[in-house]
Amino acid sequence: MSLRPAVLLVAAVLLVPRPGTSQDAAPKVAGVDVPAPKRTRSVPPHYPPEAQALGMRGIVILELVVGPDGKVVSARVTRSVPPFDDAALSAAREWEYEVTKVEGKPVSVILTVPIEFKMRLPEMARDDGIPELRQGVVPAFPPGAGPETATVTAEVSLDPDGHVAEARIKSGESPWAESVIQALRTWRFSPVDGQGGLAFEVKAEFASGGKSGPHVDLRLSGPRRIEAPPVAETSPTPPAGTTAPPAPTAEAAPPPSPAPPATTAPPAATPSPAPASPSPPAPTATPTPAAPRPAAPPEELIRNPAGGKPAASPVAPPPAAGPPPATGAPPPAGGPPAPGTAGAAASAAPAIPATPAPPTPGVSAVRDVTLAPGVPDLVKGRRPVAPPLARMQGVSGTVDVRFAVDAAGSATIKEVTGPDSLKEAARQTVVSWSFRRSTPERLFLAATFSYKGDTASAAVRAQE
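One structure accompanies this document, and this report is about it.

Overview of the overall build of the chain
Inference 1: Check the secondary structure of the chain and you find eight helices and 24 strands.
Inference 2: Of all 464 residues assigned to the chain, the portion counted as buried reaches 30%.
Inference 3: For the chain, the proportion of contacts with a sequence separation of at least 24, taken over those separated by at least 6, is 66%.
Inference 4: For the chain, the exposed area adds up to about 28500 Å²; of that, 58% sits on carbon and sulfur atoms.

What to know about the sheet that holds strand β9 (residues 124-126)
Inference 1: Read across the sheet, five strands follow the order β9-β15-β14-β11-β12 without closing on themselves; strand pairing throughout is mixed. Taken across any chain shown, the strands that pair with only one partner, and hence form the sheet edges, are β9 and β12 (164-171). When strand polarity is set aside, the average angle formed by the axes of neighbouring strands in this sheet is 20°.
Inference 2: As defined by bridge partners, β9 adjoins strand β15 (residues 215-226) across three bridges and the pair is classed as parallel.

Side note on helix α8 (residues 420-431)
Inference 1: Across its twelve residues, α8 extends 17 Å between first and last C-alpha, which sits within 8% of the 16 Å expected from 1.5 Å per residue.
Inference 2: Along α8, the positions that sit buried rather than exposed are Leu422, Ala425, Ala426, Gln428, Thr429 and Val430.

Some details on helix α4 (residues 85-92)
Inference 1: Counted residue by residue, α4 has six buried out of eight residues, so it is predominantly covered.
Inference 2: All of the buried residues in α4 are Asp85, Ala87, Ala88, Leu89, Ala91 and Ala92.
Inference 3: As for α4, its buried residues are in contact with β3 (58-66), β4 (72-79) and β8 (109-117).

Overview of the pattern of salt bridges
Inference 1: Counted by the stated rule, this structure contains eleven salt bridges.
Inference 2: A salt bridge links Glu155 to Arg224; its shortest N-O distance comes to 2.4 Å. Highlighted residues: Glu155 in strand β11 (residues 150-158) and Arg224 in strand β15, separated in sequence by 69 residues.
Inference 3: Overall, the relative accessible area of 8% leaves Glu155 in the buried class.
Inference 4: Judged by relative accessible area, Arg224 falls into the partly exposed class, the value being 45%.
Inference 5: Between Glu205 and Lys203 there is a salt bridge; the shortest N-O distance is 3.6 Å.
Inference 6: Judged by relative accessible area, Glu205 falls into the partly exposed class, the value being 34%.

Calculation rules
- Residues numbered from 1 in each chain as written.
- Predicted model: local features only at pLDDT ≥ 70, side-chain atom pairs only at ≥ 80, totals over all residues.
- Heavy atoms only, no water.
- Helix = DSSP H or I, 4+ residues; strand = E, 2+ residues; numbered from the N terminus.
- Buried < 20%, exposed > 50% of the residue type's maximum accessible area, 1.4 Å probe, protein only.
- Contact = heavy atoms within 4.5 Å.
- Areas by Shrake-Rupley, 256 points an atom, 1.4 Å probe, with all protein chains shown as cover.
- Pairing = 2+ DSSP bridges.
- Axes fitted to C-alpha atoms, helices over the stretch in contact; angles between N-to-C directions.
- Expected span 1.5 Å × (residues − 1).
- Salt bridge = Lys/Arg side-chain N within 4 Å of Asp/Glu carboxyl O.

Geometry only, nothing functional implied.
Written out as structure tokens, the structure is:
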């Protein structure tokens, strides 16, 4: 036999697949070909802040290929929920499973895994006096951060309604600090007891070891009160067309000593031996003065010499002592009116109607919200906050929300206009508001939200 046929025969023998090689190398389907392997290392998926802000939930289904060494080789989405797909894939690629063997040899395994995203509250330790957390996510363990541990401390201030008003990092480094800030923006607490807000410290300890893989331990401590700013009280406005009541004035004190009237007193029927005033008598004739009068009450009665009814007038200060005016001279300013005119003057004075005061702006108990005149008090609700996704994308703009307020003070949205990435945040903010109402009719208002970077504010006015 020649050499060439021998070489071909040897090559054919080597190329023939051996039992248990190519067939066994194909991935096995978990639950069909082999039992589903047990997960030995699990990394929880990061809850996207934009989905948390909108209250979204969902289940993403992945198909994983686990290699012979138990590590995830590939992952793809078979059931998509767009806000959560990337977070689910990133977490699953870091998982590890028990090695699956067939006839004593490790094999690859295909398995289907559902990942549920729901509002699961983070576990935390908190001091007495700190409200209960009702909504929020745990700070995400930064991907690719390495095996080292890290500690981040933040200062958090709550509004009276339990929303996070401010959050700042006291200590900690990137990317751990950014992860804590993103999580704090999703936190919502129970309303704060009493008046004013509350401040406390949040300590987050990131640890990559342990049986459960990377985890974050949270500690809330050191609660302290934040006093509410004083609210200016406004005086009630009288209804249009009515007379405003006079402002209270101090009663006039009686004169310190009896003094003669400013005008010449008529002679008394019986002469009196002593004058009522220290002024010297006139050289030509000595009139008989009237007897001294007692001190006048706060409202003195000025009698009409012609026999008219007495008219009330404020007491004028006593004039300086001096000689009585000559007969026939006009009475001094402030003296009694001419006969027969006192009652007419008192009755002829018309009542001056009070000018209705312009409407005053309502009082807003929600931070960063201002109210125009004619808008009722805003007693509670969310403060304007820029959406996390818009902040990350650097989106700024203005959103106009038109809404109606019913007799209970609740808001119903009618129209929202503005950038799409900002409209939903403005709508949810208005829906959370509650106004103080005193009338049953519906009130139509408009709110203009201004978003710029990390800051947001709103101005509420009556619809035109």
